[in-house]
Amino acid sequence: AQSVTQPDIHITVSEGASLELRCNYSYGATPYLFWYVQSPGQGLQLLLKYFSGDTLVQGIKGFEAEFKRSQSSFNLRKPSVHWSDAAEYFCAVAPDSNYQLIWGAGTKLIIKP
Amino acid sequence: DVKVTQSSRYLVKRTGEKVFLECVQDMDHENMFWYRQDPGLGLRLIYFSYDVKMKEKGDIPEGYSVSREKKERFSLILESASTNQTSMYLCASSFTGRNYGYTFGSGTRLTVV
């Protein structure tokens, strides 16, 4: 069965430091992968998505993610975090069915001043 | 700006009341979804709809029903609200196809007392 694993429930990073949030998926074919961000008390916003082609994808707010098929991973990165990046981040995969996403459990990002 | 609108940001209801949560999208999306989000449990799918008057149960449909009489509107109904239905409710919509991802509303924080 398809699944998405975000191994870190919480991550704490100092403001200005680099960030990497991990996402591993279990899926047999070419995955369609997404990262979403949820600010406190808000809905989810799409950061970026990967379907094919260049394995390094750029998103909004200065985020990028790299697809690594050999590791079944789609990790989210940012070179320098800002206090406004404090939020919960969700990884998702679109399997064979054409409209349902499978979600990771989320990683809460805490920014230290 | 395209969007998904949830009728209430905060709602307080009494145990046993019938509760309606409304969601409207202006993107002509075929698919609409209702999730609930609780700390530590991530996003859990309650119901979804892939067409007008069509509905499918998600992972946790018990105690809920839905209605989709028009393409743009998807209502979640709590037939008899209970305290364990206190949660954040998120509505989302999408086109059919693996590459589209979802657009989310801002959420409704429901408290049942």
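What counts and how
Residues numbered from 1 in each chain as written. Chains lettered and ligands numbered in written order. Predicted model: local features only at pLDDT ≥ 70, side-chain atom pairs only at ≥ 80, totals over all residues. Heavy atoms only, no water. Helix = DSSP H or I, 4+ residues; strand = E, 2+ residues; numbered from the N terminus. Rg over C-alpha atoms; globule rule 2.2 N^0.38 Å. Areas by Shrake-Rupley, 256 points an atom, 1.4 Å probe, with all protein chains shown as cover. Lys, Arg positive; Asp, Glu negative; His and termini not counted. Charge placed at Lys NZ, Arg CZ, Asp CG, Glu CD. Buried < 20%, exposed > 50% of the residue type's maximum accessible area, 1.4 Å probe, protein only. Contact = heavy atoms within 4.5 Å. Phe/Tyr/Trp six-rings, centres within 6.5 Å; stacked < 30°, edge-to-face > 60°. Disulfide = S-S within 2.5 Å. Pairing = 2+ DSSP bridges.

Some points on the overall build of chain B
Summing up its helical and strand segments, chain B has 0 helices and 11 strands in all. The N-to-C order of helical and strand elements in chain B reads β-β-β-β-β-β-β-β-β-β-β. Against the 2.2 N^0.38 benchmark of 13 Å for 113 residues, chain B shows a C-alpha radius of gyration of 13 Å, consistent with a compact globule. With respect to the three principal axes, the spread of C-alpha positions in chain B is 40 × 30 × 25 Å. Accessible area of chain B: about 5,500 Å², with a carbon and sulfur share of 48%. Within chain B, one finds 16 positive and 14 negative side-chain charges whose respective centroids are separated by 4 Å.

Structural notes on the overall build of chain A
Within chain A, the secondary structure is distributed over 0 helices and 12 strands. Going from the N terminus to the C terminus, chain A shows its helices and strands as β-β-β-β-β-β-β-β-β-β-β-β. Principal-axis analysis of the C-alpha atoms gives chain A an extent of 40 × 30 × 20 Å. Counting every position in chain A, which comprises 113 residues, the buried fraction comes to 43%. Within chain A, contacts between residues separated by at least 24 positions form 52% of all contacts whose residues are at least 6 apart in sequence. Accessible surface, chain A as shown: approximately 5,300 Å² in total, 49% of it carbon and sulfur. Each charge sign in chain A was given a centre, from 9 positive and 9 negative side chains, and these centres are 2 Å apart.

Some details on the packing of aromatic side chains
Residue and element names in this part refer to chain A. Under the defined criterion, the tally for this structure stands at 19 aromatic pairs over all chains. When the centroid spacing of 6.0 Å and the interplanar angle of 70 degrees are considered together, the rings of Phe34 and Phe51 count as edge-to-face. Placement of the pair is Phe34 in strand S5 (residues 32-38) and Phe51 in the loop between strand S6 (44-50) and strand S7 (56-58), with a sequence separation of 17 residues. What makes Phe34 buried here is its relative accessible area of 0%.

Looking at the environment of A:Cys23
Residue and element names in this part refer to chain A. By the element assignment, Cys23 lies in the loop between strand S3 (19-21) and strand S4 (24-26). Once the C-alpha coordinates of Cys23 and Phe90 are considered, the two residues, 67 residues apart in sequence, prove to be 8.8 Å apart. Once you skip the residues sitting within four places of it in the chain, Cys23 turns out to touch Val4, Thr5, Trp35, Ser72, Ser73, Phe74, Asn75 and Cys91.

Here's the deal with the state of the cysteines
Applying the stated rule across the entire model yields 2 disulfides over all chains. Paired through a disulfide, A:Cys23 and A:Cys91 show a sulfur-sulfur distance of 2.0 Å. What sets the handedness of the A:Cys23 and A:Cys91 disulfide is the S-S torsion sign, and at about -65 degrees it is left-handed. Taken together, the residues A:Cys23 in the loop between S3 and S4 and A:Cys91 in strand S10 (residues 87-94) connect sequence positions 68 residues apart. A:Cys91 matches A:Cys23 in its accessibility class, with the two residues each being buried. The disulfide that involves B:Cys23 links it to B:Cys91, with 1.9 Å between the sulfurs. Disulfide B:Cys23-B:Cys91: the torsion about the S-S bond is -80 degrees, which places it as left-handed.

Section: the pairing of strand S8 (residues 73-78) of chain B
Residues and elements named next belong to chain B. In terms of burial, S8 is a largely internal element, 5 of the 6 residues being buried. Inspection of the sheet shows strand S3 (residues 19-25) paired to S8 by 6 bridges, in the antiparallel sense. Bridge pairing links Val19 to Leu78 in S8. Hairpin connection from strand S7 (residues 64-70) to S8: 2 residues lie between these consecutive antiparallel strands.

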